[in-house]
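The residues making up each chain are set out below.
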Amino acid sequence: MTKKITSRVLPIIMVFALFMTSAIATNADMAAFTGSYQSEDVAIGSSNEVTMVGEVKPTIMSVTMPTYVPFDISRSVQGENKVISPRITVTNNSSVPVSLDVVYTVVDLSKLQGTTWNYDGNVGDNQIAVGFQTETTSEQAPTSLSGTRWLVDNTAQNTNIASMGALESETLYVVGTLGKAVPENNSFTVTPTFVVRQT
């Protein structure tokens, strides 16, 4: 009787042992594959073609410029340009050429009673005009108003202020003029909104 039970149990033990060996080998193989293959990778057999997929990402444009620019405007300044302005360095950190445009300018003349804005530099007695010029002579503010990009007050505009190649910089100055009846010893604010575009 013992012989019969052994002869029946032994094949079951052998099949179970083979199954366990196969399962252990499969787990070991999977552990090896997990370290070196991604889930969608396949081993190369008779074929050696590999499909590669690339994605074109949109260009990231980055321009650095000051957020606050103080300037003085006075009739006593010599030359057409009546503004004393610091150098404004604008840096294109992008790998593509860009243009720097003004699309809107908020102007507040409330502290200059009776004063109005002018956007072409030909000011009347009670007018004031401000814009930007690029530096033409190194380290020297402009004295003329030729080539000024004038700012328009409280109205949509699309005025190019500067164009820069990839990783280049441009230096700007605030320039402007005022009429003989504009009150002195008061302040006003000019807040342009800049947009950077790829050229």
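The structure reproduced in this document is the subject of the present report.

Rules used throughout
Residues numbered from 1 in each chain as written. Predicted model: local features only at pLDDT ≥ 70, side-chain atom pairs only at ≥ 80, totals over all residues. Heavy atoms only, no water. Pairing = 2+ DSSP bridges. Helix = DSSP H or I, 4+ residues; strand = E, 2+ residues; numbered from the N terminus. Axes fitted to C-alpha atoms, helices over the stretch in contact; angles between N-to-C directions. Buried < 20%, exposed > 50% of the residue type's maximum accessible area, 1.4 Å probe, protein only.

Attention now moves to the sheet that holds strand β9 (residues 159-164). Backbone-to-backbone hydrogen bonds pair the strands of a sheet. The strands run either parallel or antiparallel. Strand order in the open sheet made by the three strands is β9-β5-β11, with antiparallel pairing throughout. Of all strands in the sheet, those bounded by a partner on one side alone are β9 and β11 (189-198). Averaged over all pairs of adjacent strands, the angle between their axes in this sheet comes to 30 degrees, without regard to strand direction. Of the pairings in the sheet, the one linking strand β5 (residues 98-108) to β9 comprises five bridges and is antiparallel in character. Along β9, the bridge assignment pairs Ser-99 with Ser-163.

Moving on, we get to unusual backbone geometry. Unlike most non-glycine residues, Asn-154 shows phi in positive territory, near 50 degrees. Along the polypeptide, Asn-154 turns up in the loop between β8 (149-150) and β9. Overall, Asn-154 belongs to the partly exposed group, its relative accessible area being 38%.

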